Structure formats: C-alpha cells, structure tokens
Amino acid sequence: LPFYYDRTTTFVRPLVGLRGDLGGDWSYEVTGFLSLDNSHVTENDNTNAAAEQAALASSDPATALNLFTQGPPGSPALLASLAGPLTVEKFNSQQFTTQAIVRGPLLQISAGPIQSVFGAEYDHNRLDTLEQSASISASENIIERDAYAFFSEIRVPLLANHEDPSNGDTLAVDFAGRFDHSDDYGSKPT
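Cut-offs applied
- Residues numbered from 1 in each chain as written.
- Predicted model: local features only at pLDDT ≥ 70, side-chain atom pairs only at ≥ 80, totals over all residues.
- Heavy atoms only, no water.
- Helix = DSSP H or I, 4+ residues; strand = E, 2+ residues; numbered from the N terminus.
- Rg over C-alpha atoms; globule rule 2.2 N^0.38 Å.
- Buried < 20%, exposed > 50% of the residue type's maximum accessible area, 1.4 Å probe, protein only.
- Contact = heavy atoms within 4.5 Å.
- Areas by Shrake-Rupley, 256 points an atom, 1.4 Å probe, with all protein chains shown as cover.
- Salt bridge = Lys/Arg side-chain N within 4 Å of Asp/Glu carboxyl O.
- Core = buried A, V, L, I, M, F, W, Y, C linked by side-chain atoms within 4.5 Å.
- Patch = residues over 30% accessible without salt bridge, like charges linked within 9 Å, V, L, I, M, F, W, Y side chains within 5 Å.
- Phe/Tyr/Trp six-rings, centres within 6.5 Å; stacked < 30°, edge-to-face > 60°.
- Lys NZ or Arg CZ within 6 Å of the ring centre and 35° of its normal.
- Pairing = 2+ DSSP bridges.
- Polar contact = N/O pair within 3.5 Å; in protein donor to acceptor, adjacent residues only side chain to side chain.

## Quick word on the overall build of the chain
Line of reasoning, step 1. Secondary structure assignment for the chain yields two helices and eight strands.
Line of reasoning, step 2. Reading the helices (α) and strands (β) of the chain from amino to carboxyl end gives β-β-β-α-α-β-β-β-β-β.
Line of reasoning, step 3. Taking 190 residues into account, the globule formula puts the C-alpha radius of gyration at 16 Å, and the chain, at 30 Å, lies well above it.
Line of reasoning, step 4. Here the chain holds 190 residues, and the buried ones make up 21% of them.
Line of reasoning, step 5. A sequence separation of at least 24 residues applies to 61% of the contacts in the chain between residues at least 6 apart.
Line of reasoning, step 6. Taken as a whole, the chain presents about 12700 Å² of accessible surface, with 57% of it coming from carbon and sulfur.

Right under this line is the structure:
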C-alpha cells in the first residue's frame, strides 16, 4: 500500500554554568540550560479501511487487491484510493532549567566542620502540538508547567578520623530537606 512518512527534527540545547568562591570556605555554582526541540512530520499511515475491505473482497481484477502477486498488489489508482489522507503534525518542545547552590561550613566543632549546602531550582516546560489533515481541521494543543524547588543538606561529623583525616570521618550524620512545587501537581516537602 502507498505509504508516505517524512520527519524533520531540529534540536538545540545550550548549557552554561558558573562557579566561584564567596570568601572563606564558601563557594557557589549556578547552571542553566535551554532545550529546544522542533519536529515536523508528514505521513499517511491511516488506511481507508472500507476501501481496503472492498478491494480484498472484489473479484474484478481492475478493483481487486491481490497480496499474493509478485508485482504491485493492484493498479496505481486502486492503491492511491486505499491510502489515508496526508496528516501534518508539528511538535515544538521548550525547556528552561536553572539551579543555584552555595556550600560551605556552618560551624567548627571538635569532630570537624559542620558542612552545608543550600540550593534552589526553577524549571519551565512547554509543549506545542499541531495536527492537521484533509479529514480533520487543525487541532492545536499547548501544555505548560512551571516548577521550583528549594533544598538543603547538613553534614555533622560525630567522630573524627584522627589517624587518617583524608579518609573522612569515622561517624557522621546527614540531614537533608527539599521542598518542590509544580503549578499542576502542587507542593511536597521531603
């Protein structure tokens, strides 16, 4: 059966980042990226089911579909009548994400420094779809989501490794927390 499929996709994803010192043992890191994905698809993957059944049941060689022949299974006019209409679909996806963190020691205790990290994230997603064919009018759908998060982690050394400090602490405890919010799912502390 005549089948047509053509897809063109363009994808771009630049990423930038910055890191540095804030003074003392404190440092920062900021990253961000933008992702753009555009696709254009033209296809006729849907067949005319009624015409296909009639061609399979036909005994007239001019209108019959013969799948057991070595050549084309039917005349060009017959095969063209079995193909569904061309459908055009366009997909445009955008994502912007950024994250910022600062890390450093909060306090010095006898077992070592209490280390901490504080951060925030922001994420924006958008998907535009457009579908159009001879049998349906243009149908456009836009979906967007914005989300953000705040997070922190604190590491408290309880027993220092005095024999070999480069191997880390003998015993430490971590505390971590995160708050996420999405404009379509709501909020969740963890």
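Text resumes after the structure shown.
## What about the environment of Gln53?
Line of reasoning, step 1. Tracing the chain through its elements places Gln53 in helix H1 (residues 49–57).
Line of reasoning, step 2. Through-space distance from the C-alpha of Gln53 to that of Ala64 is 9.8 Å; in sequence the pair is 11 residues apart.

## Considerations on the pattern of salt bridges
Line of reasoning, step 1. Scanning the entire structure with this criterion turns up seven salt bridges.
Line of reasoning, step 2. We note a salt bridge from Glu144 to Arg126, for which the minimum N-O separation is 3.7 Å. Pair noted here: Glu144 is in strand S6 (residues 139–159) and Arg126 is in strand S5 (residues 112–133), with a separation of 18 residues, a long-range link.
Line of reasoning, step 3. One salt bridge connects Arg145 with Asp184, and the closest N-O pair in it is separated by 3.0 Å. Here the residue Arg145 occupies a position in strand S6, and Asp184 occupies one in the loop between strand S7 (171–182) and strand S8 (186–189), the gap between them amounting to 39 residues.
Line of reasoning, step 4. Judged by relative accessible area, Asp184 falls into the partly exposed class, the value being 40%.

## Observations concerning the nonpolar core
Line of reasoning, step 1. With five residues, the main nonpolar core is built from Ala55, Leu65, Leu78, Leu79 and Leu82.
Line of reasoning, step 2. The element contributing the most residues to this core is helix H2 (residues 76–82), with three residues.

## Observations concerning a nonpolar patch on the surface
Line of reasoning, step 1. Among the surface-exposed residues, Leu34, Phe96, Tyr122, Tyr148 and Phe150 lie close enough to one another that they form a single nonpolar patch of about 450 Å² accessible area.
Line of reasoning, step 2. Residue class for Tyr122 comes out partly exposed when judged on its relative accessible area of 32%.

## Re the packing of aromatic side chains
Line of reasoning, step 1. This model, assessed by the stated rule, comprises two aromatic pairs.
Line of reasoning, step 2. Taken together, a centroid distance of 6.4 Å and an interplanar angle of 55 degrees make the contact between Phe96 and Tyr122 tilted. Here the residue Phe96 occupies a position in strand S4 (residues 87–109), and Tyr122 occupies one in strand S5, the gap between them amounting to 26 residues.
Line of reasoning, step 3. One residue, Arg13, lies across the ring of Phe33, its end atom 4.0 Å from the ring centre.

## Thoughts on the pairing of S7
Line of reasoning, step 1. Bridge count for S6 against S7 is 12 bridges, and the pairing is antiparallel. Within S7, the residue paired with Pro157 across the bridge is Ala172.
Line of reasoning, step 2. As judged from the four bridges shared by S7 and S8, these two strands associate in the antiparallel manner. The residue bridging Ser182 from the neighbouring strand is Gly186, located in S8.

## With respect to the environment of Leu130
Line of reasoning, step 1. Its place among the elements puts Leu130 in strand S5.
Line of reasoning, step 2. With 40 residues separating them along the chain, Leu130 and Lys90 place their C-alpha atoms 5.1 Å apart.
Line of reasoning, step 3. The residues contacting Leu130, other than those within four sequence positions of it, are Val88, Glu89, Lys90, Ala138, Ser139 and Glu140.

## What to know about the side chain of Asp128
Line of reasoning, step 1. Looking at the element boundaries, Asp128 is found in strand S5.
Line of reasoning, step 2. Accessibility expressed as a relative area gives 13% for Asp128, which makes it buried.
Line of reasoning, step 3. Here the side chain of Asp128 touches Arg126 through a polar contact of 2.9 Å, side chain to side chain.

Keep in mind these numbers describe shape, not what the thing actually does.
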